[in-house]
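# Coordinate inspection notes
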Amino acid sequence: MLGRRPTSLFLGIGLLLLAGCTLQPDVSQAAPHARVGAVAPQLSGATLDGAALAVDFKASRTVVVFWAAWCGPCRKEQPGLNALAAKYASQGVQFVGVDMLDHDRALARAFYAEFKVPYPSLYDDAGSLTAAYEVDSPPSFVLIDRKGIVVGRYPGEASQAQLEKLVITSFGAATASP
């Protein structure tokens, strides 16, 4: 009988551990604070150059680009993002970057200089903006309308065509090319 108790004990502990795992929330199913249809969290802080920036969502529709200097897909996407920012600026769409997970502001500035990024970027060294928008990793995109409502999200790498389609579908036909 003694040989059977330790086996039962280990089996019981194993079942409890497995049961505990299934009781944990599935974070992939958790609704982010910046879920589509929700009011976007405030977007403000210091830019890469240290200047204060508070984004006014009512001034224009906004594409928030979460990126990092070391992120390969971010580097690949940046020329397309520059083109989209230039194309849609006259149609009331602003792009704003959020540099996440870069612990050296100089690396982030070098990325901006290398790619000649035409829009401002907030330096999120504490991760507070990334957490507020519940972005897990770069690149990620959040689109916000003039009412401050999140109208689109895209986590992960995207081509210029995919991002343009997201801008058009999120902001409506007014942003479509003639």
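The shown structure was predicted, so the numbers you read here are calculated from the model rather than taken from an experiment. (Residues numbered from 1 in each chain as written. Predicted model: local features only at pLDDT ≥ 70, side-chain atom pairs only at ≥ 80, totals over all residues. Heavy atoms only, no water.)

## Structural notes on the state of the cysteines
Across all of its chains, the model carries 1 disulfide by this definition. Put simply, Cys71 and Cys74 are joined by a disulfide, and their sulfur atoms are 2.5 Å apart. Handedness of the Cys71-Cys74 disulfide follows from its S-S torsion of about 75 degrees: it is right-handed. In this structure, Cys71 and Cys74 share a single accessibility class: buried. (Disulfide = S-S within 2.5 Å. Buried < 20%, exposed > 50% of the residue type's maximum accessible area, 1.4 Å probe, protein only.)

## Some details on the environment of Ala132
In this structure, Ala132 sits in helix H4 (residues 128-132). Judged by its relative accessible area of 22%, Ala132 falls in the partly exposed class. Here the alpha-carbon distance between Ala132 and Leu43, two residues 89 residues apart in the chain, equals 9.2 Å. (Helix = DSSP H or I, 4+ residues; strand = E, 2+ residues; numbered from the N terminus.)

## Describing the packing of aromatic side chains
This model, assessed by the stated rule, comprises 6 aromatic pairs. Seen in terms of ring centroids, Trp67 and Phe111 are 4.6 Å apart; in terms of plane orientation they differ by 20 degrees. Their pairing is stacked. Taken together, the positions of Trp67 in strand S3 (residues 61-67) and Phe111 in helix H3 (residues 105-115) put the pair 44 residues apart, joining distant regions of the chain. In terms of burial, Trp67 and Phe111 fall into one category: buried. With centroids separated by 4.8 Å and ring planes inclined at 45 degrees, the aromatic side chains of Phe111 and Phe115 adopt a geometry described as tilted. With a gap of 4 residues between them, Phe111 and Phe115 both fall in helix H3, about one helical turn apart. For the pair formed by Phe111 and Phe115, the shared burial category is buried. Within the aromatic cluster, the residues linked to one another by ring pairs are Trp67, Phe95, Phe111, Tyr112, Phe115 and Tyr119. (Phe/Tyr/Trp six-rings, centres within 6.5 Å; stacked < 30°, edge-to-face > 60°.)

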